[in-house]
Amino acid sequence: MADKLFERGLFIAGDSAHSLSSFLIVPHDHAEVLLEKQRSARDARDSFVFHLSSCRIHIKCAFGELVMRWGMFWRTLAFDLKKCNQIMQVAMLL
């Protein structure tokens, strides 16, 4: 999966609990911003974190709507990843 995402120039927006990888984009450490001497670099990083957070909020709300609408998402799906992907796609279309 990681190779396919990377080849297409796609990524997954994660939170700071995950580590950065070729397909997962995460916010930087705020302590790093405080130590930064150049204001423009700090402002660019703050802007990045703000926009990443905005994207994640929209995604989180969309999944929240799916969970509220379809009771099957109230628990962990006990299927393989391919089947879970198909279930999510069908739920989004409906």
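Relevant structure appears above.
This is a predicted model, so every value here is computed, not measured.

Draft legend 1. Inspection of the overall build of the protein chain at higher detail. Within the protein chain, the secondary structure is distributed over 4 helices and 2 strands. Tracing the protein chain from N to C terminus, the helices and strands come up as α-β-β-α-α-α. Looking at the protein chain residue by residue over its 94 residues, the buried ones come to 16%. By sequence separation, contacts in the protein chain at least 24 residues apart represent 20% of the contacts at least 6 residues apart. With an accessible surface of roughly 7900 Å², the protein chain has 62% of that area assigned to carbon and sulfur atoms.

Draft legend 2. Fine view of the environment of Asp-3. Relative to the helices and strands, Asp-3 resides in helix H1 (residues 2-8). The sequence separation of Asp-3 and Phe-23 amounts to 20 residues, and the corresponding C-alpha distance is 8.1 Å.

Draft legend 3. Helix H4 (residues 81-93), seen in detail. Spanning 13 residues, H4 covers 18 Å between terminal C-alpha atoms, matching the ideal 18 Å at 1.5 Å per step. If you check which residues of H4 are buried, you get Cys-84, Ile-87, Met-88 and Ala-91. Around the axis of H4, the buried residues are gathered within 100 degrees of arc, so they sit on the same side. Pointing more than 90 degrees away from the buried face of H4 are the exposed residues Lys-82 and Leu-93.

Draft legend 4. Representation of the nonpolar core in the model. Counting residues in hydrophobic clusters, the biggest one holds 7 residues: Leu-66, Phe-73, Leu-77, Cys-84, Ile-87, Met-88 and Ala-91. No other element matches H4, which puts 4 residues into this core. In this structure Ile-87 touches Met-72, Phe-73, Leu-77 and Phe-79, once residues within four positions along its chain are discounted.

Draft legend 5. Seen up close, the environment of Leu-24. Here Leu-24 shows up in strand E2 (residues 24-25). Since its relative accessible area comes to 11%, Leu-24 is described here as buried. Taking C-alpha positions, Leu-24 is 9.1 Å from Leu-10, a pair spaced 14 residues apart along the chain. Contacts of Leu-24, omitting those with residues within four sequence positions, involve Ile-12, Ala-13, Gly-14, His-18 and Ser-19.

The rules we used
- Residues numbered from 1 in each chain as written.
- Predicted model: local features only at pLDDT ≥ 70, side-chain atom pairs only at ≥ 80, totals over all residues.
- Heavy atoms only, no water.
- Helix = DSSP H or I, 4+ residues; strand = E, 2+ residues; numbered from the N terminus.
- Buried < 20%, exposed > 50% of the residue type's maximum accessible area, 1.4 Å probe, protein only.
- Contact = heavy atoms within 4.5 Å.
- Areas by Shrake-Rupley, 256 points an atom, 1.4 Å probe, with all protein chains shown as cover.
- Expected span 1.5 Å × (residues − 1).
- Arc of directions from axis to C-beta.
- Core = buried A, V, L, I, M, F, W, Y, C linked by side-chain atoms within 4.5 Å.

Structural measurements only, silent on function.
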